[in-house]
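# Overview (structure and organization)
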Amino acid sequence: MKGTKNIVKKELTRVFTDKKLVINLFVLPGVLIMVMYSIMGSLISKMETDIKTHIPTIYIQNAPEDLDYIIDAVDFEGNITYISSKDSTTHIKDGILKGDIDLLVIFDEGFIETIRSYKDVGDPIPEVRTYYNPSEDYSNAAKGNFTASVLHAYQQSLLAERLGNIEQLQVFYIDRDPEAGIIVDESKANGKFLSMLLPFLINIMLFQGAMGLGMDAITGEKERGTLASMLLSPIKRSEIVFGKLISLGILTSLSAVIYTVSVVVGIQRLADGAMGAMTNIQFTPVQIVQLFVMLIVLVYLYVSMVSIVAVYARTQKEAGTYVSPLYILVMLGCIMTMFSTGGVKELKYYAIPIYNGAIALQDLLVGELTMVKFGVTVGSLAIVAFLITTLITKAFNSERVMFNA
Amino acid sequence: MIQINELTKVYKLTKKQMMEKKTKKNMVKAVDKLSLTARPGEIYGLLGPNGAGKTTALRCIASLLKPTQGNIKVKGYDTVEDSQSVRKTIGFLTNEIKLDPQFSPRYMFGFFGRLHGLDERVIEERREELFDYFGIKDFQDKKIEELSSGMKQKASLAVSLVHNPEVIIFDEPTSGLDIITARNVTDYLKHLRDEGRTVIISTHIMTEAEKLCDRIGIIINGVLVLEGTLTEILDRTNTKDLEDAFFELYKIHNKEEE
Ligand SMILES: Nc1ncnc2c1ncn2[C@@H]1O[C@H](COP(=O)(O)OP(=O)(O)OP(=O)(O)O)[C@@H](O)[C@H]1O
Ligand SMILES: [Mg+2]
């Protein structure tokens, strides 16, 4: 296997002495992913804080006298203009449409009198109407906050006045302390979120990495006529194949690590709160070993899948066309896991190559991957990859494939 | 020693290739029952027009292609049964096989030396000798993609000789080289012959065949139509120089095909 070692060394040298290639393969995509997610993240978080700090412009028609007092009591902030029933509301509604004004609240005329004169069922009940624009974030937030804090509080206080004792109305409480009721295993909850996203990302990134590199290292060399020079050397064809696969595997793993880290860092900035939990995730040593083995086997499979296509293709363009169905297949396998509800799956599913990689990763991240399932997954992936390797070696021995002869 | 015994090589064409060549046949018989022997201490020249089957025959000798029929022995090793030993024995040079453009001649020389299982010390000695002889030292550390085609040819030549092979198979070794370098190469081939190696080359340059080759085989449409020393060929064809002889043979044998 001395030939293999030499070939791996040469392939790695080739990539790492080529500044342009290094930048294109590793640096640029990583930076791009990070920048993209970061921009998205800062835009979203800016929007959120913006909405929080924005002071809404609100018009209130026919406001009852004590409303002012309530607004103060609940600490509601807003530029409030009070108008009477004589004032027209058309220009205010226009303002809401344009986004200059956030909310219009109209109390029925004689609102408070109607309420106070209520005696029995069938007596009139007045109405408060709110006008807002749901497609404007400010307006949406203003309507939500005003209803929840001001109107709700006002209603409670009027009810208390009518009944003397508000508790007569309260048949039961629901969750007076919502926080206290949450029972959750922290790492599992974090894992659940990760388990949806990460298997997908890891799989896609691995395959993409293998694709870019494999096309160049195999089809490209065939096109350039440099592969043939290796076929002339007195080493076994299988040594050449392993040399190619191992070097591709190393490079693919590296690019996958870079891409995945970029995505994770980027996403963390995207939704700091939700993903902040990510850092709490804890793996047991067994899980780490499982993850490592899984990734190695997945890299081996994807590299061999790409390589078999790359060997048979005559040009890189042709290779690109042939490999896309495989790419879609891998995507599909992963997407299926994103929409599955998790839960325990039967053992047989762990024997389906590609799909099993995604579900096993998912299980692993929530700490539910049993040794048996792990074994079945790794075994089936490795067998498929090995079969493909055998086919690649056959192709390297075929003059038709190697020399178009 | 190279012994070719009734070698026939047929290429199967894909539909696309058939369209490109505008033929209805899905086969091309590139080499047709070719038999020849090249001995140690001689330079054998395969002379033929474009498409005659020279490259195909040499690739078969180099174990890259398998004979459709017949067999080839290099130093007694069968090119199919014992291709590994054949590859150890030969140095092969052809246009279509190139060195990785992103590496320097020095790196590629070392790389193939290691694939041949040579010691670093031996590689260094060989590099010193060959790079000096072919004048590669000036650009030995430049990337191959930055070299002129003649420089590339020199580098390929040196790399093909890294393991000091006993049998040398060169497909148009002087193509793309200026006269000075071409002379350098032919001189080196003579030197190898004088050391007792077996050398077989292909060419369509008459003067090269005349001056360099000890024996010449003329190949037309895959068939070896005549073989011998220069004087033997001139005698047989009743001509004064190789060019005349070649045209004479071409007239007869190209008609036969049609
Ligand atoms: N890979 C291939 N597939 C199909 N046909 C081929 C292939 N390679 C060569 N041929 C055909 O085989 C015949 C012999 O080609 P070959 O390259 O051996 O000729 P040659 O003598 O080396 O010619 P030249 O002097 O132009 O290099 C030609 O008809 C050629 O078209
Ligand atoms: Mg040729």
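Note: the structure precedes this text.
Residues numbered from 1 in each chain as written. Chains lettered and ligands numbered in written order. Predicted model: local features only at pLDDT ≥ 70, side-chain atom pairs only at ≥ 80, totals over all residues. Heavy atoms only, no water.

### Notes on the environment of Gly 196 of chain B
Which entries qualify depends on this criterion: Each helix is a run of DSSP H or I of at least 4 residues and each strand a run of E of at least 2, with the numbering of both proceeding from the N terminus.
You can see Gly 196 of chain B is positioned in the loop between α7 (179-194) and β8 (198-203). Placed 175 residues apart in sequence, Gly 196 of chain B and Lys 21 of chain B show a C-alpha to C-alpha distance of 42 Å.

### Details of the packing of helix α4 (residues 105-115) of chain B against helix α5 (residues 120-134) of chain B
All names here are of chain B. Keep this limit in mind: All axes are obtained by fitting lines to C-alpha atoms, using only the stretch in contact for helices, and the reported angles, taken between N-to-C directions, cover 0 to 180 degrees. Throughout this description, any angle smaller than 35 degrees is read as roughly parallel, any larger than 145 degrees as roughly antiparallel, any in the 65 to 115 degree range as roughly perpendicular, and the remainder as oblique. We call a crossing left-handed when the near helix sits turned anticlockwise from the far one by less than a right angle, and right-handed when that turn is clockwise. Residues are treated as being in contact if the distance between any of their heavy atoms lies within 4.5 Å. Think of it as three bins: nonpolar holds Ala, Val, Leu, Ile, Met, Phe, Trp, Tyr, Cys and Pro, charged holds Asp, Glu, Lys and Arg, and polar takes everything else, Gly as well.
Relative orientation of the contacting elements α4 and α5 amounts to 135 degrees, with a least axis distance of 10 Å. One element, α4, and the other, α5, form an angle in the oblique class. Between α4 and α5 lies a crossing whose hand is right-handed. In this structure, α4 uses Pro 105, Arg 106, Phe 109, Gly 110, Gly 113 and Arg 114 to contact α5, whose residues at the interface are Glu 120, Ile 123, Arg 126, Arg 127, Leu 130 and Phe 131. Classifying every residue of the contact of α4 with α5 gives 5 nonpolar, 2 polar and 5 charged.

### Some details on the packing of aromatic side chains
All names here are of chain A. Condition: Ring pairs shown here join Phe, Tyr and Trp side chains whose ring centres sit within 6.5 Å, with only the six-membered ring taken for Trp; geometry is labelled stacked below 30 degrees between planes, edge-to-face above 60, and tilted in between. Distance and angle both matter: a charge sits over a ring if NZ of Lys or CZ of Arg is within 6 Å of the ring centre and within 35 degrees of the ring normal.
Taken as a whole and assessed by the stated rule, the structure comprises 15 aromatic pairs over all chains. Within the aromatic cluster, the residues linked to one another by ring pairs are Phe 107, Phe 111 and Tyr 154. The ring of Tyr 131 is capped by Lys 93, whose NZ or CZ atom sits 4.5 Å from the centre of that ring. Sitting over the ring of Tyr 349, Lys 348 keeps its end group 5.8 Å from the ring centre.

### Description of the environment of Leu 65 of chain B
Along the chain, the position of Leu 65 of chain B falls in the loop between α2 (54-61) and β4 (69-74). Sequence separation between Leu 65 of chain B and Val 80 of chain B is 15 residues; the distance between their C-alpha atoms is 8.8 Å.

### Some remarks on the nonpolar core
What tends to happen in soluble globular proteins is that the nonpolar side chains get buried as a cluster. Going by this rule: For our purposes a nonpolar core is just a set of buried Ala, Val, Leu, Ile, Met, Phe, Trp, Tyr and Cys residues, chained together by side-chain atoms within 4.5 Å. Only protein chains enter the accessibility calculation, which uses a 1.4 Å probe; a residue whose area is less than 20% of its type maximum is buried, one above 50% is exposed, and one in between is partly exposed.
Membership of the largest hydrophobic core comes to 147 residues, with the highest contact counts inside it found for Tyr 302 of chain A together with Leu 189 of chain B. Counting residues per element, this core draws most heavily on helix α11 (residues 285-312) of chain A, at 13 residues. Contact partners of Leu 189 of chain B, with chain neighbours within four places excluded, come to Ile 43, Ile 168, Phe 170, Pro 173, Val 199, Ile 201 and Leu 212 of chain B. The next biggest cluster of nonpolar side chains, apart from the first, holds 18 residues, and it includes Ile 60, Leu 67, Leu 103 and Val 105 of chain A.

### A word on the pattern of salt bridges
Which entries qualify depends on this criterion: Here a salt bridge means any side-chain nitrogen of Lys or Arg lying within 4 Å of a carboxyl oxygen belonging to Asp or Glu.
The final tally for this structure, using the stated rule, is 25 salt bridges over all chains. A salt bridge links Arg 116 of chain A to Glu 161 of chain A; the nearest nitrogen and oxygen atoms lie 2.9 Å apart. Here Arg 116 of chain A, found in helix α5 (residues 111-116), pairs with Glu 161 of chain A, found in helix α6 (residues 137-163); they are 45 residues apart in sequence, far enough to count as distant. Between Glu 128 of chain B and Lys 137 of chain B there is a salt bridge, with the nearest N and O atoms lying 2.4 Å from each other. A network of salt bridges, in which partner residues are shared, links Arg 39, Glu 42, Arg 215 and Glu 227 of chain B.

### Looking at the sheet that holds strand β9 (residues 215-220) of chain B
All names here are of chain B. Our working definition: The pairing criterion for strands is at least two bridges between them, as found by DSSP.
Spatially, 6 strands are ordered β6-β7-β8-β3-β9-β10 in an open sheet, and the strand pairing comes out mixed. Each having just a single partner strand, β6 (90-93) and β10 (223-228) make up the two edges of the open sheet. Direction aside, neighbouring strands of the sheet carry axes that sit 15 degrees apart on average. Against the sheet, helix α6 (residues 149-160) makes contact with β6 and β7 (167-171), and its axis sits at roughly 165 degrees relative to β6, the strand it touches most. Seen against the sheet, α7 touches β3 (42-47), β7 and β8 and runs at an angle of roughly 130 degrees to β3.

### Focus: the sheet that holds strand β2 (residues 79-83) of chain A
Residue and element names in this part refer to chain A. Judged by pairing direction, the sheet is mixed, and its 4 strands sit side by side in the order β2-β1-β3-β4 without closing on themselves. Of all strands in the sheet, those with a lone pairing partner are β2 and β4 (128-131), marking the two edges. Across the sheet, the mean angle from the axis of one strand to that of its neighbour is 20 degrees, orientation sign disregarded. Judged from the 4 bridges that link them, strand β1 (residues 57-61) and strand β3 (residues 103-107) form a sheet pairing that is parallel. Paired with Gln 61 across the two strands is Ile 106, which belongs to β3. Running at roughly 30 degrees to β3, α6 makes contact with β1, β3 and β4 of the sheet.

### Thoughts on the interface of chain A and chain B
This is how it is decided: Distance and chemistry together define a polar contact, namely a pair of N or O atoms within 3.5 Å, with one atom able to donate a hydrogen and the other to accept it when in protein, and with adjacent residues in sequence counting only for side-chain atoms on both sides.
Counting from both sides, the interface comprises 29 residues of chain A and, opposite them, 30 residues of chain B. Summed over the shared surface of chain A and chain B, the result is 2 salt bridges. Here Asp 100 of chain B ties to Lys 10 of chain A by a salt bridge, and the two come within 3.2 Å at their closest N and O atoms. The interface formed by chain A and chain B holds 8 residue pairs in polar contact (both at pLDDT 80 or more) in total. At the level of secondary structure, the elements contributing two or more residues to the side of chain A that touches chain B comprise α1 (2-16), α7 (186-224), α8 (227-231) and α15 (399-403) of chain A. Broken down by element, the side of chain A that touches chain B gets its largest block of residues, 7 residues, from α1 of chain A. When the residues that make up the side of chain A that touches chain B are grouped by side-chain class, the tally is 9 nonpolar, 9 polar and 11 charged.

### Overview of the side chain of Lys 10 of chain A
With respect to the secondary-structure elements, Lys 10 of chain A resides in helix α1. Lys 10 of chain A sits in the buried class, given a relative accessible area of 2%. If we skip the residues at most four places from it in the chain, Lys 10 of chain A touches Glu 221 and Met 230 of chain A together with Asp 100, Phe 103, Tyr 107 and Phe 111 of chain B.

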